[in-house]
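Residue strings, one per chain:
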Amino acid sequence: MRERKQKLKNSFFKAFALLRQAPFKFIWVIKIFLDIRNFYDILDFDVFSSKSIFNSGGKEKELKKMFLFGLLATLLGLPLLGCGNAYENGEVYVYNWGEYIDPDTIEMFEKDCKIKVIYDEFETNEMMYPKVEAGAVNYDVVCPSDYMIKKMIDNDMLAEINWENIPNSKNIGAQYYETSKEFDPENKYSVPYCWGTVGILYNKTMVDEPITKWAQLWDPKYKNQILMQNSVRDAFMVALKLNGFSMNTTNIDELQIAKQSLLEQKPLVQAYVVDQVRDKMIGNEAAIGVIYSGEAIYTQRENENLEYVIPEEGTNVWIDSWVILKNAKNKENAEKFIDYMCKPEIALMNFDFITYSTPNDAARELIEDEDIRNSEIAFPDLSEYDNLETFKYLGEDGDELYNSLWKEVKSE
Amino acid sequence: MSNVLKKIYIILIFIFLYAPMAVLIVLSFNASKSRSKWGGFTFKWYAKLLSDSSIMEALITTLMLALLSSIIATFIGTIAAIAITGLKKSTRTLMMGITNIPMLNAEIVTGISLMLLFIFFKIKFGFTTILLAHITFNIPYVILSVLPRIKQLNPSAYEAAMDLGASPFKAFFKVVFPDILPGVFSGMLMAFTMSIDDFIITHFTKGAGVDTLSTKIYSQVRKGIDPKMYALSSVIFITVLILLILVNLLPNAGKKAKIKK
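Nothing here was measured: the structure is a model prediction, and the numbers come from that model.

**A look at the overall build of chain A**
Thinking step 1. Scanning chain A from terminus to terminus reveals 16 helices and nine strands.
Thinking step 2. When the 412 residues of chain A are sorted by exposure, 40% land in the buried category.
Thinking step 3. A separation threshold of at least 6 residues defines the contact pool for chain A, and within that pool the share at least 24 residues apart is 77%.

**A short note on the overall build of chain B**
Thinking step 1. Check the secondary structure of chain B and you find eleven helices and zero strands.
Thinking step 2. When the elements of chain B are put in sequence order from the N terminus, they spell out α-α-α-α-α-α-α-α-α-α-α.
Thinking step 3. Taken against the 2.2 N^0.38 rule, which gives 18 Å for 261 residues, the C-alpha radius of gyration of chain B at 23 Å runs more than 25% over that of a compact globule.
Thinking step 4. Viewed in the frame of its principal axes, chain B has a C-alpha envelope of about 75 × 65 × 40 Å.
Thinking step 5. Here chain B holds 261 residues, and the buried ones make up 33% of them.
Thinking step 6. Taking the contacts inside chain B whose residues are at least 6 apart along the sequence as the reference set, 78% of them involve residues at least 24 apart.

**A short note on the environment of Lys33(B)**
Thinking step 1. In this fold, Lys33(B) is placed in the loop between helix 1 (2-27) and helix 2 (44-51).
Thinking step 2. As for Lys33(B) and Lys228(B), which are separated by 195 residues in sequence, their C-alpha atoms are 9.7 Å apart.

**Considering the domain arrangement of chain B**
Thinking step 1. When its domains are assigned, chain B resolves into domain 1 (1-42 + 230-261) and domain 2 (53-219).
Thinking step 2. On a C-alpha basis, the centres of domain 1 of chain B and domain 2 of chain B stand 29 Å from each other.

**Considerations on the confidence of the model for chain A**
All names here are of chain A.
Thinking step 1. Per-residue confidence for chain A averages 81 on the pLDDT scale, and 79% of its residues sit at or above 70.
Thinking step 2. When mean pLDDT is taken per element in chain A, strand 3 (residues 141-142) scores highest with 95 and helix 2 (residues 51-55) scores lowest with 40.
Thinking step 3. Between residues 18-26, whose pLDDT stays under 50, and residues either more than four places distant or in other chains, the model counts four contacts.
Thinking step 4. Counting contacts from residues 37-60, a segment whose pLDDT is below 50, to residues more than four positions away or on other chains yields 26 contacts.

**Some words on the nonpolar core**
Residues and elements named next belong to chain A.
Thinking step 1. The biggest cluster of nonpolar side chains holds 92 residues, and the ones touching the most others in it are Tyr95, Tyr139, Val141, Val142, Phe337, Ile338 and Met341.
Thinking step 2. Apart from residues lying up to four places away in sequence, isoleucine 338 is in contact with Val141, Ile166, Val191 and Trp322.
Thinking step 3. Residues Trp214, Leu242, Met247 and Met281 belong to the second largest nonpolar core, which totals 42 residues.

**Here's the deal with helix 8 (residues 168-197) of chain B**
Residues and elements named next belong to chain B.
Thinking step 1. Given a rise of 1.5 Å per residue, 30 residues ought to cover 44 Å, yet the end C-alpha atoms of helix 8 are separated by just 38 Å, more than 12% below that figure.
Thinking step 2. Where helix 8 bends most, at phenylalanine 177, the angle is about 55°, and the proline proline 178 comes one to four residues later.
Thinking step 3. Residues of helix 8 that are buried include every one of Pro168, Ala171, Phe172, Val176, Ile180, Gly183, Gly187, Met188, Ala191, Phe192, Met194 and Ser195, and no others.

**Quick look at the packing of helix 6 (residues 127-152) of chain B against helix 8 of chain B**
In a packed pair of helices, the relevant descriptors are the angle between the two axes and the axis-to-axis distance.
All names here are of chain B.
Thinking step 1. Their axes nearest at 8 Å, the elements helix 6 and helix 8 cross at an angle of 155°. The angle between helix 6 and helix 8 falls in the class roughly antiparallel. Crossing handedness for the pair helix 6 and helix 8: right-handed. Contacts between helix 6 and helix 8 involve His134, Phe137, Asn138, Tyr141, Val142, Ser145, Val146, Pro148, Arg149 and Ile150 on the former and, on the latter, Asp179, Ile180, Pro182, Gly183, Val184, Ser186, Gly187, Met188, Met190, Ala191, Met194 and Ser195.
Thinking step 2. For the contact of helix 6 with helix 8, a count of residues per class yields 13 nonpolar, seven polar and two charged.

**What about the confidence of the model for chain B?**
Thinking step 1. Of the residues in chain B, 95% reach a pLDDT of 70 or more, and the chain-wide mean stands at 88.
Thinking step 2. Interface confidence for the predicted complex, expressed as ipTM, amounts to 0.72; the pTM equals 0.73.

**Re the environment of Lys204(A)**
Residue and element names in this part refer to chain A.
Thinking step 1. Counting through the fold element by element, lysine 204 comes out in the loop between strand 4 (190-203) and strand 5 (226-229).
Thinking step 2. Residue lysine 204 is classed as exposed on the basis of its C-beta count, with 12 C-beta atoms lying within 10 Å.
Thinking step 3. For the pair lysine 204 and alanine 287, spaced 83 residues apart in sequence, the C-alpha to C-alpha distance is 8.1 Å.

**Details of helix 9 (residues 252-265) of chain A**
Residues and elements named next belong to chain A.
Thinking step 1. Helix length check: helix 9 (14 residues) gives 20 Å between terminal C-alpha atoms against 20 Å at 1.5 Å per residue, within 8%.
Thinking step 2. Residues Leu255, Ala258, Lys259, Ser261, Leu262 and Gln265 constitute the buried set of helix 9. In a view along the axis of helix 9, the buried residues occupy a sector of 160°, so they form one face of it. Exposed and facing more than 90 degrees away from the buried side of helix 9 are Ile252, Asp253, Gln256 and Glu264.
Thinking step 3. The secondary structure elements touched by the buried residues of helix 9 are helix 8 (232-242), strand 6 (269-273) and helix 16 (395-411).

**Focus: unusual backbone geometry**
All names here are of chain A.
Thinking step 1. Its identity is not glycine, yet asparagine 187 carries a phi of approximately 50°, on the positive side.
Thinking step 2. Assignment of secondary structure puts asparagine 187 in the loop between helix 7 (174-180) and strand 4.
Thinking step 3. What makes asparagine 187 partly exposed here is the crowd of 16 C-beta atoms within 10 Å.

**So, the pairing of strand 1 (residues 91-97) of chain A**
All names here are of chain A.
Thinking step 1. Of all seven residues that make up strand 1, six are buried, and the element is covered over most of its length.
Thinking step 2. Examined bridge by bridge, strand 1 and strand 2 (residues 116-122) share seven bridges and lie parallel to one another. Bridge pairing links asparagine 96 to glutamate 121 in strand 2.
Thinking step 3. With helix 4 (residues 103-113) bridging strand 1 and its parallel neighbour strand 2, the resulting β-α-β unit is right-handed.
Thinking step 4. Two strands pair when backbone bridges link them, and strand 1 and strand 3 are joined in this way by two bridges, in the parallel orientation. Its bridge partner being in strand 3, valine 94 is matched across the sheet by valine 141.

Analysis parameters
Residues numbered from 1 in each chain as written. Chains lettered and ligands numbered in written order. Predicted model: local features only at pLDDT ≥ 70, side-chain atom pairs only at ≥ 80, totals over all residues. Helix = DSSP H or I, 4+ residues; strand = E, 2+ residues; numbered from the N terminus. Buried ≥ 20, exposed ≤ 12 C-beta atoms within 10 Å, placed from the backbone. Contact = placed C-beta atoms within 7 Å. Rg over C-alpha atoms; globule rule 2.2 N^0.38 Å. Domains from an automatic or database assignment. pLDDT = per-residue confidence, 0-100. Core = buried A, V, L, I, M, F, W, Y, C linked by C-beta atoms within 7 Å. Expected span 1.5 Å × (residues − 1). Bend = angle between axes of the 7 residues up to and from the residue. Axes fitted to C-alpha atoms, helices over the stretch in contact; angles between N-to-C directions. Parallel < 35°, antiparallel > 145°, perpendicular 65-115°, else oblique. Left-handed = near helix turned anticlockwise from the far one by under 90°. Nonpolar A, V, L, I, M, F, W, Y, C, P; charged D, E, K, R; others polar. Arc of directions from axis to C-beta. Pairing = 2+ DSSP bridges. Right-handed = clockwise from strand over helix to strand, strands pointing away.

Structure, rendered in structure tokens:
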């Protein structure tokens, strides 16, 4: 029996040894692949986008890499042969929020400027940052929010924009450049793309008097009717503004007072949510919710009893802006892309698609629906308020402080 | 009484399992974009789904990835499983430990480390990198489902084949392989589903312009999930359901027909 087992083992080994040799047969496949590649190189076709792999490193290293990638590229690369030279002006890598652009505008840009757009989407600023920082993909244009832009400027990740190449940037209202100065002090790095405020959405049929200020979120008669944002900075913004402090404060005393306010409010709050505010308010599940203005227009379309207001105590103004990365390989194309997005008709298409306020004044003029063009929700006059702020990057210590206080609020 | 309780119990379980799917399917016919308002019955999301090239591309990428990665991982994993059975006990334990670690490891760790590895080797991020990553995390699942089948093998059958003059290679494919095939197949299915499911590793290893369904859906979180995704998910669910019914019914139907004859 033992002998048998031994024998079986040996045969397995033999079978395995045979199988093990199989990969070496692939070398021939790779060789054929390389020949094809060279052939196209001679013809000056840019066939394999993974070319850079082959150019770096010594001969031996190169062979090893070739082995690995030749194999896969034979499997996957061949379909690429079909690509022609329709995009004579090269390409541009764009990294934007999900669902944050009208896909038609990209196609129009590709056709008009003969630049191929390689478009990619992220979910949050925090998911975007490590990918860009690691340099896994060489993105050219990114669309982060205000505080993230500050962080990227601080870490020397952004390239200065050559404004001469973006003539359409004049369509963006001066007030938005003014607001941008909070995170981009000299307007050197960012072109505003979308913006909005954070405010209160309330259901007219479910409240006794119009809501006008944050303090009403502390009114006991709305117990279990209030929806708060379940994110540190947004929640603390409400409490800090309520108490008249800056929402970017790192003063521990002010933050403790804000924390106390949040704790007082906690029994009244129905739920701490993020994007469910939208659906819950539409479904009449709550009377008052803290929400981003961009969502307000959409919710009103679905439920006409909803009203949006910017609280008296002041609030957060956020801006998402185009920036160009320092290690961008296609800086000129990136500027062309941003310029194209600033064209009034293109900005209008994007506004219709996203429904978030556009900073593009020329595009706003083109909006046909008068109610929306003059909407207080989509286009509040920022100069009427003197207590609006944008979020600032507080540094790691600041983030930690906020997070620990928020944890105390949530756990108590 | 206890029978009634049993039934209630099983009904409860099914409700918990399938209520979410039911909600999803109902919402895919909702004309309103909001989940809390019924805007009337419509097929428009299904129609729009077919004309949405970005979603269809993501679907194709997802299926290609799942198919390629599961096939390649099955190939590598099966060979590895055979080799592992041939090892000494101590080495085998060591090998099993090594193969199990990636499976137990947090996905985010695997994802980030793969990303760093690809950067280190200056590999251009794209379909290839996701495929490599998926193969990597699929291999342990294949090994784990093939190994028990190999252990159940009757060694005599293999030896008999050898005694009757088959070469080791032939003996393997004629005798051993058919026996372990169910394990290989279930390993491949497992790998296939793991690959379709994966979000975190894909997120970190994907290049610009390449999207799978999971990354596509996740990127919509901020603006609210597109009802087209409900439609697509319903289609996938129904397809799987029909496939399962067919798989379970067809062999029985065949048997019955034979008996009748």
